[in-house]
Amino acid sequence: MKHAYELDEANGNTLWRDALKLEMHNVGVAFRVLDKEDPLPVGYKPVTGHLVWDVKMDFTRKARWVLDGHLTAGATINESTFAGVVSRESVRIALTYAALNGLDVCAADIRNAYLQAPSSQKDYITCGPEFGIENVGKRALIVRALYSGKFAGRDFRNHLRSCMRHLGFESCLADPDVWMRPALKADGTQYWEYLLLYTDDVLAVSTDGERLLRSGVGKYFELKESSIGPPDQYLGGHLRKVVMDNGHEAWAFSSSKYVREAVKNVERHLERLGGKLPTKAETPMQTSYRPELDTTPELNDTDSAYYQSLIGVLRWIVELGRVDLCLEVSMMSSHLALPREGHLAQLYHMFAHLKKYHNTEMAFDPSEPVIDEHLFQKKDWTYFVWINSALITWHSKKQISVESSSFGSEFIAMKQCCEYLRGLRHKLRMMGIPVNGASYIHGDNNSVLYNSSIPDSTLKKKSQSIAYHFVREGSARDEWRMAYINTHDNESDLLTKCLPSGEKRKGFVRKLLHHIYSPAAGAA
């Protein structure tokens, strides 16, 4: 505090003093100050805290009073202490459901979220000068969840769940942070209302999302007024409603802003080192490059840490929808323990590619795709998953077993795909979304398709035999059907091999990401 006040005096303003005053006003609800003659309640133990000072992106000053959580005992090994976080898969499903049923989507932030939840711990502090001269030396009981407390996230989560139940919402068994309740449209049509909780960010899917937030969630929590409305920024990306070429309205999610900021950070880092990003980067990684064969010198500790931070940024970019980088980021992530100079150069190549092709978005098109039923004769197979025409999830990961042939490898991959598909169908039903009929799976290995459709097929390897029986069971139940697709038309090649620059790669990426190669993409 003394140093902050000295800065104010030197700068001729009261910015830090005002920041502290605002923070102590907000955090005051978390304490019940006892008079010096008041006895301490039984069971309360002393804890300490400190102030954190920061300058925000808009240069406003910020002060935060936090507990010294690192000095307190933690939870037991089987006890969760974290706040709830809805999965991105559930968000994509909810946005597709909203567009398909003509529902409104509205977002809001809970103000001082943790401070609105009661504390489950019996702790007290001794007040310092930040609590005012009249309270210095007094004991104050902590009655609300405080930032940096070991159990603050859990207390907020439990309080939020209790409020959701009072509103008549039930937690989805497939995702505990998706809350749902039956509702009726004006014409009597039944549908499900959803509240998706990402810590203190709330996303409502309803015929009147704003009313649901204000009269529902706002009944128990104070919401930031400026945050209530159609979602614009959500989970680090830009969210907006678009009209598809087929005339259907859909929600689209873009990571362009995050990507541009990440690229700027990398450019500033290279500028300090006297370098710059490559000028030609038509693909995320040089197609002839094999990271496992790289023999360039190993990075020092500083550069290794920077390499690991760049991998974290790229992983989040993939999570935000840049599926065209999924394979390359997965390959480079295998070298986190011992990165080399060549590996770091390839990451710079990825950011150069992102700089050129940043302006893209993933649209959750609810329209039903055109499927030729004659191709699917109850055959059983990659790992892009669509619900209607909306891409919901993708997967690119090394298999845990080594197979002696591509047949065995693709059979295991098919089993993993079918396992996920069965879980997704179950999740949709638990969210109240009916799943009628079979799911359709495309594959480009005829041998796998042929063996999966013959009941008396014999396989010598036990792992393949198990995969066969699992896939065959789903096929016999008409849970999924599979048809052959030519490898030149199979988008999942993006997740298995580094495709060279050309129309094949661009054609696949265009099916997944909108207007990435449009003339204005690089200049937007």
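See above for the structure.
Residues numbered from 1 in each chain as written. Predicted model: local features only at pLDDT ≥ 70, side-chain atom pairs only at ≥ 80, totals over all residues. Heavy atoms only, no water.

Q: Sorry, what's going on with the pattern of salt bridges here?
A: If charged atoms from side chains of opposite charge come close, those side chains can pair. Applying the stated criterion across every chain, the model contains 22 salt bridges. Between glutamate 222 and arginine 111 there is a salt bridge, and its shortest N-O distance comes to 3.2 Å. Note that glutamate 222 is positioned in the loop between α5 (209-215) and β12 (233-234) and arginine 111 in the loop between β5 (104-109) and β6 (123-126), a separation of 111 residues in sequence. Exposure remark for arginine 111: the relative accessible area of 32% places this residue in the partly exposed category. The shortest N-O distance in the salt bridge between aspartate 155 and arginine 154 comes to 3.9 Å. Since its relative accessible area comes to 6%, aspartate 155 is described here as buried. Residue arginine 154 is classed as buried on the basis of its relative accessible area, which comes to 10%. One network of salt bridges, with partners in common, ties together Arg422, Glu473, Arg477 and Glu479. (Salt bridge = Lys/Arg side-chain N within 4 Å of Asp/Glu carboxyl O. Helix = DSSP H or I, 4+ residues; strand = E, 2+ residues; numbered from the N terminus. Buried < 20%, exposed > 50% of the residue type's maximum accessible area, 1.4 Å probe, protein only.)

Q: Help me understand the pairing of strand β7 (residues 139-142) in this model?
A: As judged from the three bridges shared by strand β1 (residues 31-33) and β7, these two strands associate in the antiparallel manner. Along β7, the bridge assignment pairs valine 33 with alanine 140. Strand direction decides the pairing type here: β6 and β7, joined by three bridges, are antiparallel. Looking at β7, one finds that threonine 126 is bridged to arginine 139. (Pairing = 2+ DSSP bridges.)

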